[in-house]
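Working through the structure, step by step
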Amino acid sequence: GLRIGQAKNEEGQTGVTVLLFDKPAIGGVDISGGGPASRETPLLSPLTASNPIDAIVLSGGSAYGLDASTGVMQYLEEHGRGYETGFAKVPLVCQSCIYDLGYGSAKIRPNAALGYAACVDAEDEKEPLQGNEGAGTGATVGKLFGMAQAEKSGIGMAAVQIGELKVAAEVV
């Protein structure tokens, strides 16, 4: 019921990871930090109506990376996915971005084409790569004292099932 696709820009050292649900899914969110570059995250809040979502997008690029969801929405629309409004189907896509502008080129950011490419990558239904792939391409940790002290990180995934309960996490 879940396909994961990734795309990256080697020159910019940034990328996109997309989680495509075969049927609309209910999710949850916890927003931490003062600059949450995000899109449609209220759809995941327990305080709002439970609107099933079609995809989750993770990207680099800080707030500039929010453009990646445009490509994901285009892909989903082409495949007949989305919330039926009576006039059009609107894909419900949530996104969160990391700040990776100090790692590669700050002028090269995830865009709609990279988001679309990540969706195409998800069609293969292969085991998703971890580490320096997709949204983890430009991920770093330990920047408290600047990029000179930073360490390279990436993207990782974990899932567990206990009886009927299924919990999964993807961390950048």
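Here, the structure is the one placed above.
Conventions we followed
- Residues numbered from 1 in each chain as written.
- Predicted model: local features only at pLDDT ≥ 70, side-chain atom pairs only at ≥ 80, totals over all residues.
- Heavy atoms only, no water.
- Disulfide = S-S within 2.5 Å.
- Buried < 20%, exposed > 50% of the residue type's maximum accessible area, 1.4 Å probe, protein only.
- 1 Å grid on protein atoms, 1.4 Å probe; cavity = no way out; pocket = protein on both sides within 12 Å on 5 of 7 lines; lining within 4 Å.
- Points joined across faces, edges and corners; volume = space filled by probe spheres on them.
- Helix = DSSP H or I, 4+ residues; strand = E, 2+ residues; numbered from the N terminus.
- Pairing = 2+ DSSP bridges.

1. With respect to the state of the cysteines
Counted according to the given criterion, the structure contains zero disulfides. Counting only cysteine sulfurs, Cys97 is the nearest neighbor of Cys94, a cysteine outside any disulfide, at a range of 12 Å. On the basis of relative accessibility, which here comes to 2%, the residue Cys94 falls in the buried class.

2. A closer look at the layout of surface pockets
Taken as a whole, the largest pocket spans an internal volume of roughly 1,400 Å³. Taken together, 41 residues make up the lining of the largest pocket; nearest its centre are Gly28, Leu44, Ile56, Leu58 and Glu170. Among the secondary structure elements, those contributing two or more residues to the lining of the largest pocket are β1 (2-9), β2 (14-25), β4 (53-59), β7 (93-97), β10 (156-162) and β11 (165-171). Ranked by residues supplied to the lining of the largest pocket, first place goes to β2 with six residues.

3. So, the pairing of β2
Within β2, nine of the twelve residues are buried, leaving the element largely enclosed by the surrounding structure. Hairpin connection, β1 to β2: the antiparallel pair is bridged by four residues, and Gln13 has positive phi, about 55 degrees. Relative to β4, β2 runs antiparallel, the two being bridged by six bridges. Paired with Leu19 across the two strands is Ile56, which belongs to β4.

4. A word on unusual backbone geometry
For Glu40, which is not a glycine, the phi torsion comes out positive at approximately 60 degrees. Tracing the sequence through the fold places Glu40 in the loop between β3 (38-39) and β4. Using a relative accessible area of 40% as the deciding quantity, one classes Glu40 as partly exposed. Residues other than glycine seldom take positive phi values, yet Ser62 does so here, at roughly 55 degrees.

5. Side note on the environment of Ser62
On the secondary structure map, Ser62 appears in the loop between β4 and α1 (68-78). Along the backbone, Ser62 and Ala106 are 44 residues apart, and their C-alpha atoms lie at a distance of 9.8 Å.

No statement about biological role is implied by the geometric values presented.
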